[in-house]
Amino acid sequence: MSTTTRSPARTGSLMALASMTCVQLGVAASVGLFDRIGPGGAAWLRLAWAGVLLLVAVRPRPSTLHRPSLVAAVVLGVVTAGMTMFFMAAVQRLPLGTASALEFLGPLSVAVFRSRHPRLLMWPALAAVGLVLLTQPWQGSADLAGVGFALGAAACWAAYILLTQAVGDHLAGVQGLAISLPVAAVVTTLVAGPTVLPSLTPHLVLVGLGLALLLPVVPFSLEMLALRRITTAAFGTLMSLEPAIALLVGFVLLHQVPPAWSVVGVGFVVAAGIGAERTGARVAAPADDLEPLPAGV
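Values in this document were obtained by computation on a predicted structure and should not be read as measured data. (Residues numbered from 1 in each chain as written. Predicted model: local features only at pLDDT ≥ 70, side-chain atom pairs only at ≥ 80, totals over all residues. Heavy atoms only, no water.)

Draft legend 1. Geometry of the packing of aromatic side chains. Within this structure, the stated rule accounts for 2 aromatic pairs. Note on Tyr160 and Phe220: the rings are 5.2 Å apart at their centroids and 45° apart in plane angle, and the pair reads as tilted. One end of the pair, Tyr160, is in helix 7 (residues 144–170); the other, Phe220, is in helix 9 (residues 202–226), with 60 residues separating them in the sequence. One exposure class covers both Tyr160 and Phe220, and it is buried. (Phe/Tyr/Trp six-rings, centres within 6.5 Å; stacked < 30°, edge-to-face > 60°. Helix = DSSP H or I, 4+ residues; strand = E, 2+ residues; numbered from the N terminus. Buried < 20%, exposed > 50% of the residue type's maximum accessible area, 1.4 Å probe, protein only.)

Draft legend 2. Region of the structure containing helix 11 (residues 241–253). Between its terminal C-alpha atoms helix 11 stretches 18 Å, which fits the 18 Å expected from 13 residues at 1.5 Å a residue. Regarding helix 11, the residues found buried are Leu241, Glu242, Pro243, Ala244, Ile245, Ala246, Leu247, Val249 and Gly250. Two residues or fewer past helix 11, His255 is found with a positive phi of approximately 60°. (Expected span 1.5 Å × (residues − 1).)

Draft legend 3. Broad picture of the confidence of the model for the protein. Per-residue confidence for the protein averages 82 on the pLDDT scale, and 86% of its residues sit at or above 70. When mean pLDDT is compared element by element in the protein, helix 3 (residues 67–93) scores highest at 94, while helix 10 (residues 232–238) scores lowest at 71. (pLDDT = per-residue confidence, 0-100.)

Draft legend 4. Inspection of the nonpolar core at higher detail. By size, the foremost hydrophobic cluster in this structure holds 84 residues, and its most contacted members are Val27, Leu54, Phe87, Tyr160 and Phe235. Setting aside residues no more than four positions away along its own chain, Phe235 makes contact with Ala16, Ile161, Glu223, Ala226, Leu227 and Ile230. (Core = buried A, V, L, I, M, F, W, Y, C linked by side-chain atoms within 4.5 Å. Contact = heavy atoms within 4.5 Å.)

Draft legend 5. Broad picture of helix 2 (residues 34–58). Taking 1.5 Å per residue as the helical rise, helix 2 with its 25 residues ought to reach 36 Å, whereas the 31 Å between its terminal C-alpha atoms falls clearly short. A maximum bend of about 75° is found in helix 2 at Gly40. (Bend = angle between axes of the 7 residues up to and from the residue.)

Now the structure itself:
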């Protein structure tokens, strides 16, 4: 197979991997804010800064966009807000690896329902086995509210994948993000802003700026560009690596020691991710010469 043929799938896969790493590092860093502004406040602070950064860097002009693309970008913003706030609430109650594994039900569902060849279903199936080993439902000791929040994040993530590809295929570069993230910032401001604003300090504002770059500006930009190069089914299955990354980040940064079954589950999801990378190139990927990321983003 030629380098040219492999390029879209490999580039898209590397973008997705970098995105997942940034996401988990950003989540782990946000945990330190829970005692001061809560999970909703941590989500709001990141998304508010992200919305401002994208507006300044990209300066989108909604009036020049086609109505369907604009509507999709706005809906993507609402979904992004829900996904972020649900997941932050889940992480407050569950270990990072467990919350991430439950959230993975979203992209796994996308992979199952969008796969057109029966042989491709083996990768979601393999990832599902790893998911069960990571969550260990037979223990019966998980926080039910945390599980509910994680499942809410999973539903939002499934919608996020589909909407991100739709927006990324019709808007150059990160134009779609420059609309969706400000919308997400407005939504989280309405939900969490009133209770968080009195607790803000200059230090928290600066911390929020750094976290916004780590999550969501950089990873969401990478995901939108990755979804122009690989299929939604492949992207959804490739996300099976995220619980493994979350498990490692939780162990290193949050001192959450995983049980033996979780380590075995990591092996299954990694195998599924490798299989997705090898079969995930989009048949008709858009041209690679669309607008690049703005300077500073």
